[in-house]
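Here is how the chains run, residue by residue.
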Amino acid sequence: MLRAGVVAMALTVTSAGAGFALDGGDPAKGEQIFKQCMTCHRIGPDAKNAVGPVLTGVVGRATGTYPGFAYSDLNKHAGEAGLVWTEDNIFEYLPDPSAFLKKYLTEKGKADQATGSTKMVFKLANEQQRKDVIAYLKTFSEKK
Ligand code: HEC
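Because the structure is a prediction, the values reported are computed rather than measured. (Residues numbered from 1 in each chain as written. Predicted model: local features only at pLDDT ≥ 70, side-chain atom pairs only at ≥ 80, totals over all residues. Heavy atoms only, no water.)

## Quick notes on the nonpolar core
- Core analysis: the biggest nonpolar cluster contains 28 residues, and Phe 34, Trp 85, Ile 90, Leu 101, Val 133 and Leu 137 have the highest contact counts within it.
- At the level of elements, α2 (27-37), α3 (73-80), α4 (87-93), α5 (97-107) and α6 (127-138) are the ones that each hand at least two residues to this core.
- Residue contacts for Trp 85: discarding those within four places in its chain leaves Val 58, Val 59, Gly 60, Arg 61, Ala 62, Thr 63, Gly 64, Asn 75, Ile 90, Tyr 93, Phe 100 and Leu 101. (Core = buried A, V, L, I, M, F, W, Y, C linked by side-chain atoms within 4.5 Å. Buried < 20%, exposed > 50% of the residue type's maximum accessible area, 1.4 Å probe, protein only. Helix = DSSP H or I, 4+ residues; strand = E, 2+ residues; numbered from the N terminus. Contact = heavy atoms within 4.5 Å.)

As structure tokens, this is what we get:
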């Protein structure tokens, strides 16, 4: 009985340890992927806005709210409508940022704001690379 309990607990702990909301993201690989993001983004305690906003703490942050960055209307409106950068949302955003934000606003009944495009012209389609880069972003975010 006791032994079975210990085994069950060990299993739970193991799966929780690997337990990204998105399974299978590798932060070390994500750091390599992030080099592509660094064309426009900085991350870390001393990061400054560049072509894109600072991504330190982005996981769990409302969209379009990093201080001092001039966001597109599309990005700001999505944040005002309640969009938060959960892991899942970043995962769906990366392959086509403008389309994702327009879909979100439309679903929120704000189709009139679902116009224009975001300033983020970069797209990342590869599923594993998206998981890895999000795992890396999470290492700079309080909400894990
Ligand atoms: C070519 C430049 C460029 C590249 C490369 C780029 N981004 Fe962006 N990103 C932007 C810009 C500009 C914005 C602001 C968009 C807006 O205001 O419309 C942005 C916004 C974002 C946001 C929303 C931030 C917020 O505060 O709302 C996330 C998340 C994001 N980028 C993640 C990434 C990730 C992850 C990568 C790499 C896989 C990446 N970006 C690569 C330019 C870029």
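## Considering the coordination of the iron atom of the ligand
- Those protein atoms acting as donors to the iron atom of the ligand are His 41 (NE2) and Met 120 (SD), and they sit at 2.0 Å.
- Here the iron atom of the ligand is ringed by 6 donor atoms whose angles at the metal span 86 to 178°, and the overall shape comes out octahedral. You can see His 41 sitting in the loop between α2 and α3 and its partner Met 120 sitting in the loop between α5 and α6, a full 79 residues away along the chain. Met 120 matches His 41 in its accessibility class, with the two residues each being buried. (Donors = N, O, S within 2.8 Å, 3.2 Å for Na, K, Ca; no water. Tetrahedral: all angles 85-135°; square planar, octahedral: opposite > 155°, others 65-115°.)

## Observations concerning the site of the ligand
- Residues in close proximity to the ligand total 24 residues, the closest being Cys 37, Cys 40, His 41, Ser 72 and Met 120.
- Taking His 41, its side chain carries an N or O atom lying 2.7 Å from a nitrogen atom of the ligand.
- At 3.0 Å from an oxygen atom of the ligand is found a side-chain nitrogen or oxygen belonging to Arg 61.
- Judged by the proximity of its atoms to the pocket grid, the ligand belongs to the largest pocket. (Near = heavy atom within 4 Å. Polar contact = N/O pair within 3.5 Å; in protein donor to acceptor, adjacent residues only side chain to side chain. 1 Å grid on protein atoms, 1.4 Å probe; cavity = no way out; pocket = protein on both sides within 12 Å on 5 of 7 lines; lining within 4 Å. Sits in = over half its atoms within 2 Å of the grid points.)

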